[in-house]
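Read off the chains here:
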Amino acid sequence: MKLANDKKFNHNAGRRTGAVILGRTMFDHGQPFWGDTPPFHMPVFILTHEERQTETKDGGTTYTFVTEGIERALEQAKAAAGSKDVKIAGRANVIQQYMGAGLLDELLITLVPILLGNGQKLFEHLPSDIEFARTTVIESPGVTHLRYRLIHHAKA
């Protein structure tokens, strides 16, 4: 039953998504494995400091390289996604930037109990006015999905 919940969760999350924003490091590490038919099948916007031409891949994935910052990447991704959600994926630094700017309203953590080096702490360097309200917990063998709604309190 737990595995069926996991598949349903992933399927529903995928259906809701119309565009993806990736950090450059995640893109650089994933691209060799994704090949000519990446798993996204939608527009992907990569945060980078390096100018590059847009790349079109098989299966509907386009890579657009955004050098104008997180706000511009989100603006382009929202336009591409239409009425669907924009998924932001990357290292802790990318997620922290969006949370810190108040541009993230939901956080999904897919927790897999594997340690890969030292990593970065996701909840470091955040403003104190953010509250996390857990909305979903889905367990399956080897993974737990945690979904939080972010509440940004106005500073007095």
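The following refers to the structure shown. This one's a predicted model, so the numbers in the text were calculated from it and none came from an experiment.

Another point: the packing of aromatic side chains. In the structure shown here, the tally under the stated rule is six aromatic pairs. When the centroid spacing of 6.2 Å and the interplanar angle of 85° are considered together, the rings of Phe132 and Tyr148 count as edge-to-face. Here Phe132 is found in strand β7 (residues 130-140), whereas its partner Tyr148 is found in strand β8 (residues 143-152), with 16 residues between them in sequence. An aromatic cluster of three or more residues is present, and its members are Phe27, Trp34, Phe40, Tyr63 and Phe65.

The next thing to look at is the sheet that holds strand β4 (residues 62-66). Pairing is mixed across the open sheet formed by five strands, whose spatial order is β3-β4-β2-β1-β5. In this open sheet, the two strands that pair with only one neighbour each are β3 (55-56) and β5 (85-89). Looking at chain direction, strand β1 (residues 17-23) and β5 are connected through five bridges and run parallel. From the neighbouring strand, Ile21 faces β5, where its bridge partner is Ile88. Packing of helix α2 (residues 24-34) onto the sheet brings it into contact with β1, β2 (43-47), β3, β4 and β5, and relative to β1 it is tilted by some 110°. Packing of helix α4 (residues 92-100) onto the sheet brings it into contact with β1, β2 and β5, and relative to β5 it is tilted by some 135°.

Bringing unusual backbone geometry into the picture now. A positive phi is found at His41, a non-glycine position, where the angle reads about 60°. Here His41 lies in the loop between α2 and β2. Assessed through its relative accessible area of 47%, His41 is described here as partly exposed. Non-glycine residue His125 carries a positive phi angle of around 60°. If you trace the backbone, His125 turns up in the loop between β6 (106-111) and β7. A relative accessible area of 66% places His125 in the exposed class.

Looking now at the nonpolar core. In terms of nonpolar packing, the biggest core is built from 22 residues, with Ile21, Leu47, Ile88, Tyr98, Met99, Leu104 and Leu107 touching the most fellow members. For this core, the secondary-structure elements that each account for two or more residues are β1, β2, α3 (70-81), α4, β6 and β8. Among the elements that line this core, the one with the most residues is α3, at five residues. Residue contacts for Leu104: discarding those within four places in its chain leaves Ile88, Ile95, Tyr98, Met99, Leu150 and His152. Counting residues in each nonpolar core, the second largest holds 11 residues, with Val20, Val44, Tyr63 and Ala89 among its members.

Estimated volume of the second largest pocket: approximately 300 Å³. Mapped onto the lining of the second largest pocket, the elements with two or more residues apiece are α2 and α4. For the lining of the second largest pocket, the element with the most residues is α4, which contributes three residues. Considering only residue class, the lining of the second largest pocket consists of four nonpolar, eight polar and two charged.

Reading the values: rules and limits
- By convention here, each chain's residues receive numbers from 1 onward along its written sequence.
- At least 70 in pLDDT is required for a residue's local features to be given in this predicted model, at least 80 for side-chain atom pairs to be given and counted, and no such filter applies to totals for whole chains, interfaces and linings, which use all residues.
- Excluding hydrogens and water, the side-chain values take into account all heavy atoms of the structure.
- Note on aromatic contacts: the rings of Phe and Tyr and the six-membered ring of Trp form a pair at centre separations within 6.5 Å, being stacked when their planes are under 30 degrees apart, edge-to-face when over 60 apart, and tilted otherwise.
- Every helix listed is a DSSP run of H or I at least four residues long, and every strand listed is a run of E at least two residues long, numbered separately from the N terminus.
- A pair of strands is labelled paired if DSSP reports no fewer than 2 bridges between them.
- Contacts are assigned to residue pairs that have any heavy atoms within 4.5 Å of one another.
- Between the N-to-C directions of two axes lies an angle of 0 to 180 degrees, each axis being a line fitted to C-alpha atoms and, for a helix, fitted only over the stretch in contact.
- Per-residue accessibility, obtained with a 1.4 Å probe over protein chains only, is compared with the maximum for each type, and a residue is labelled buried under 20%, exposed over 50%, and partly exposed between these values.
- Throughout this description, the term nonpolar core refers to a set of buried Ala, Val, Leu, Ile, Met, Phe, Trp, Tyr and Cys residues connected via side-chain atoms within 4.5 Å.
- Using only the protein atoms, space was sampled on a 1 Å grid; points where a 1.4 Å probe fits but cannot get out form cavities, open sets with protein on both sides within 12 Å along at least five of seven lines form pockets, and lining residues are those with an atom within 4 Å of a point.
- Grid points are joined across faces, edges and corners, and a volume is the space filled by probe spheres set on the points.
- Here the term charged refers only to Asp, Glu, Lys and Arg, the term nonpolar to Ala, Val, Leu, Ile, Met, Phe, Trp, Tyr, Cys and Pro, and the term polar to all other amino acids, Gly among them.

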